[in-house]
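# Reading the structure
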Amino acid sequence: MYTILSGIQGLVNLLFLAVVLGTLGISWLYAYRLRDRHNADFPWGKALAIVGFEILIWIAFNFFFEIFKANWLWITIVGVVVIFIILKRKKRKYV
């Protein structure tokens, strides 16, 4: 099971890398076109803030996924029970 979870983590890390590099690439392309066509500056501060936020989410994912890999059985059992309780609770009828 640890091998499967490590593979999933590797694929998600690759996805995060693609998102960060894609954000930087699109920002660079848009900045080039904005300067070329309209002689305007690109808001690099906002773009770098978005990239920073993406990297913080990436770090948080790896932190929590390591915890999940260490305790995957208990976390899965609790998650299934919580989902079951949420789905089976009595719905209120509003008239």
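Residues numbered from 1 in each chain as written. Predicted model: local features only at pLDDT ≥ 70, side-chain atom pairs only at ≥ 80, totals over all residues. Heavy atoms only, no water.

### Considerations on the packing of helix α1 (residues 2–38) against helix α2 (residues 44–70)
Heads up, the condition is: Angular values range over 0 to 180 degrees, each being the angle between N-to-C directions of two axes fitted as lines to C-alpha atoms, with helices fitted over their stretch in contact. Only runs of H or I of at least four residues qualify as helices and only runs of E of at least two qualify as strands under DSSP, and these elements are numbered from the N terminus. Orientation is classified from the angle alone, with under 35 degrees giving roughly parallel, over 145 giving roughly antiparallel, 65 to 115 giving roughly perpendicular, and any other angle giving oblique. Three classes are used, and their members are as follows: Ala, Val, Leu, Ile, Met, Phe, Trp, Tyr, Cys and Pro are nonpolar, Asp, Glu, Lys and Arg are charged, and the others, Gly among them, are polar.
Viewed as axis vectors pointing N to C, α1 and α2 meet at an angle of 180°, and their least axial separation amounts to 11 Å. Accordingly, the angle class assigned to the pair α1 and α2 is roughly antiparallel. In terms of residue class, the contact of α1 with α2 is made up of 22 nonpolar, 6 polar and 3 charged.

### A few points about a nonpolar patch on the surface
Worth spelling out the cut-off: For patch building, the residue pool is restricted to those with more than 30% relative accessible area and no salt bridge; the joining distance is 9 Å between like charges and 5 Å between nonpolar side chains (Val, Leu, Ile, Met, Phe, Trp, Tyr). In these tables, accessible area is a Shrake-Rupley quantity obtained with a 1.4 Å probe, and a residue counts as shielded only by the protein chains included in the view. A carboxyl oxygen of Asp or Glu within 4 Å of a side-chain nitrogen of Lys or Arg is what we treat as a salt bridge.
On the surface, M1, I4, I8, W72, L73, W74, I77, V81, F84 and I85 cluster together into a nonpolar patch covering about 1000 Å² of accessible area. At the level of elements, α1 and α3 (72–88) are the ones that each hand at least two residues to the nonpolar patch. Considering each element in turn, the nonpolar patch owes the most residues, 7 residues, to α3. Note that I77 resides in helix α3.

### Here's the deal with the environment of E54
Defined as follows: Polar contacts, as counted here, are pairs of nitrogen or oxygen atoms within 3.5 Å of one another; within protein the pair requires one atom able to donate a hydrogen and one able to accept it, and residues that are adjacent in sequence qualify only if both atoms are side-chain atoms.
Looking at where E54 falls in the secondary structure, it is placed in helix α2. C-alpha of E54 to C-alpha of I4: the two residues are 50 residues apart in sequence and 25 Å apart in space. Of note is the side chain of E54, whose polar atom sits 3.0 Å from the side chain of T23.

### Section: α1
What counts, and what does not: To estimate the expected span of a helix, subtract one from its residue number and multiply by 1.5 Å. Think of it in three bands: residues with accessible area under 20% of the maximum for their type are buried, residues over 50% are exposed, and the middle band is partly exposed, with areas taken using a 1.4 Å probe on protein chains only. Pairs of residues are marked as contacts when any of their non-hydrogen atoms sit within 4.5 Å.
When the terminal C-alpha atoms of α1 are compared, their 53 Å separation across 37 residues agrees well with the 54 Å that a helix rising 1.5 Å per residue should span. Those residues of α1 not exposed but buried are L5, Q9, F16, V20, T23, S27, A31 and L34. Residues of α1 that are buried in the fold lie against α2 and α3. Downstream of α1 by a residue or two, N39 has a phi angle that is positive, lying close to 50°.

### As for the confidence of the model for the protein chain
Using the following cut-off: Per-residue confidence from the predictor is given as pLDDT, running between 0 and 100.
On average, residues of the protein chain carry a pLDDT of 93, and 99% of them reach 70 or more. Across the protein chain, element-level confidence peaks in α2 with a mean pLDDT of 96 and bottoms out in α3 with 94.

### Examining α2
The end-to-end C-alpha distance of α2 is 39 Å, a good match for the 39 Å that 27 residues give at a rise of 1.5 Å each. All buried positions along α2 are accounted for by A47, V51, E54, W58, N62, F65 and K69.

### Structural notes on the packing of α2 against α3
Closest axis-to-axis distance for the α2/α3 pair is 5 Å, and the angle between their directions is 95°. As the angle between them shows, α2 and α3 are arranged roughly perpendicular. Residue-level inspection shows I67, F68, K69 and A70 of α2 in contact with α3, the latter providing W72, I75 and T76. Class assignment for the residues of the contact of α2 with α3 results in 5 nonpolar, 1 polar and 1 charged.

### What to know about the pattern of salt bridges
Counted by the stated rule, this structure contains 2 salt bridges. One salt bridge connects R35 with D41, and the closest N-O pair in it is separated by 3.3 Å. Between E66 and K69 there is a salt bridge, and its shortest N-O distance comes to 3.3 Å. Note that E66 and K69 are positioned in helix α2 at a spacing of 3 residues, about one turn of the helix. Since its relative accessible area comes to 38%, E66 is described here as partly exposed.

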